[in-house]
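Architecture and fold: a report
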Amino acid sequence: NIVKQTLQYFLSNGKIPTKNELIITDTSLLQKKATVFVTLYKNGNIVGSSGNVVELENDIVNELIQNSIYSLQDPRFERLSIADLEKVKIRIDIITSRNILDKPFSELNPAKSWVLVIKKDYSKLSIILPNISPTLVSWADFPKVLSRKLEENFKADDFIIYEIQTQVTSDY
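Here we summarise the structure given alongside this text. (Residues numbered from 1 in each chain as written. Predicted model: local features only at pLDDT ≥ 70, side-chain atom pairs only at ≥ 80, totals over all residues. Heavy atoms only, no water.)

A few points about the environment of L85
Along the chain, the position of L85 falls in the loop between α2 (60-72) and β3 (88-100). Residues L85 and L64, spaced 21 residues apart in sequence, show a C-alpha to C-alpha distance of 17 Å. Apart from residues no more than four positions distant in its own chain, L85 is found in contact with K4, L7, Q8 and L11. (Helix = DSSP H or I, 4+ residues; strand = E, 2+ residues; numbered from the N terminus. Contact = heavy atoms within 4.5 Å.)

Here is the structure:
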């Protein structure tokens, strides 16, 4: 588990591990690029999350390492300690497709689709992952959740909206 190893290494040593300091059982991850999101849960609640909307690193392993560290440093949540790790569950989303939304929110399924919104003046961005929040149970909840996350009243006409599909795993 690359994410778990990264979290343990960072919390124990205070520095980011290199690929050589981790045990990588699936070496194909060193050959592939992908956009990943790492979300950390403790007692069923999100305690950290980080990801990108495009690939920034040379391979999936480096994407996982970087987003693992950023999820630990997510300013929205209290810092985790090494003792917390035994209670932490990890979710990894790998983006499989991203397209500008060409249908109304009413056709989105919050269990299957992400929503990425970028304000047209590029001043704000927010992402909602599928099955990420108990407050997101139907399409009607997207605008409410986005308004809370963006800290402004969400108006679809003011944003570029993407629908994103992912593969969810926790095997890394």
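That shown, we press on.
Examining the pairing of strand β5 (residues 125-128)
One ladder, built from four bridges, connects strand β4 (residues 114-119) with β5; its direction is antiparallel. Of the residues in β5, the one forming a bridge with V115 is I128. Between β4 and β5, which pair antiparallel one after the other, the connecting turn spans five residues, and Y122 there sits at a positive phi close to 65°. (Pairing = 2+ DSSP bridges.)

So, α2
For an α-helix, the turn length of 3.6 residues means that residues three or four places apart are oriented alike. Over its 13 residues, α2 runs 18 Å from end to end, which matches the ideal 18 Å to within 8%, given 1.5 Å per residue. Of all the 13 residues making up α2, 11 are buried; the element is thus mostly covered by neighbouring parts of the structure. Considered for burial, the residues of α2 that qualify are I60, V61, N62, E63, L64, I65, N67, S68, I69, S71 and L72. In this fold, the buried residues of α2 make contact with α1 (2-13), β1 (36-42), β2 (45-51) and β3. At the N-terminal end of α2, a side-chain oxygen is found 3.1 Å from the backbone nitrogen of V61, two or three residues along, and the residue is D59. (Expected span 1.5 Å × (residues − 1). Buried < 20%, exposed > 50% of the residue type's maximum accessible area, 1.4 Å probe, protein only. Polar contact = N/O pair within 3.5 Å; in protein donor to acceptor, adjacent residues only side chain to side chain.)

A look at the sheet that holds strand β6 (residues 159-169)
Strand pairing in a sheet relies on backbone hydrogen bonds. The paired strands run either parallel or antiparallel. Spatially, the six strands line up as an open sheet ordered β2-β1-β3-β6-β4-β5, and their pairing is antiparallel. On the outer flanks of this sheet lie β2 and β5, each paired with one strand and no other. Adjacent strand axes in the sheet meet at a mean angle of 25°, parallel and antiparallel pairs treated alike. The strands that α1 touches are β1 and β3; relative to β3, the one it contacts most, it runs at about 125°. Packing against the sheet, α2 makes contact with β1, β2 and β3, and its axis sits at approximately 40° to β1. (Axes fitted to C-alpha atoms, helices over the stretch in contact; angles between N-to-C directions.)

Quick look at the nonpolar core
I2, V3, L7, L40, L64 and I90 are the most contacted members of the largest nonpolar core, which has 24 residues in total. Residue assignment for this core shows that the elements contributing at least two residues are α1, β1, α2 and β3. Residue contributions to this core peak at six residues, all from α2. Leaving out residues up to four positions away in the same chain, L7 has contacts with L40, S68, L72, L85 and I90. V115, V117, V145 and F159 belong to the second largest nonpolar core, which has 13 residues in total. (Core = buried A, V, L, I, M, F, W, Y, C linked by side-chain atoms within 4.5 Å.)

A look at helix α3 (residues 141-150)
Every buried residue belonging to α3 is among D141, F142, V145, L146, S147 and L150, and all of these are buried. Where the residues of α3 are buried, they touch β4, β5 and β6. One or two steps after α3, the chain reaches E151, where phi turns positive at roughly 60°.

What to know about the packing of α1 against α2
For the pair α1 and α2, the least separation of the axes is 9 Å and the interaxial angle reads 50°. In terms of orientation, α1 lies oblique with respect to α2. You can see that α1 and α2 cross each other, and the crossing is right-handed. Mapping the contact onto sequence places I2, V3, T6, L7, F10 and L11 in α1 and V61, L64, I65, S68, I69 and L72 in α2. Residues belonging to the contact of α1 with α2 are distributed by class as follows: 10 nonpolar, two polar and no charged. (Parallel < 35°, antiparallel > 145°, perpendicular 65-115°, else oblique. Left-handed = near helix turned anticlockwise from the far one by under 90°. Nonpolar A, V, L, I, M, F, W, Y, C, P; charged D, E, K, R; others polar.)

Quick look at the pairing of β1
A large share of β1 lies buried, amounting to six of its seven residues. Of the strand pairs in this sheet, β1 and β3 are connected by seven bridges, and their pairing is antiparallel. Across the sheet, the residue bridging to T39 is R91, located in β3. Alignment of β1 against β2, held across six bridges, turns out to be antiparallel. Directly across from K42, in β2, lies its bridge partner N45. In this structure, the hairpin formed by β1 and β2 is closed by a connection of two residues, where N43 is found at a positive phi of approximately 55°.

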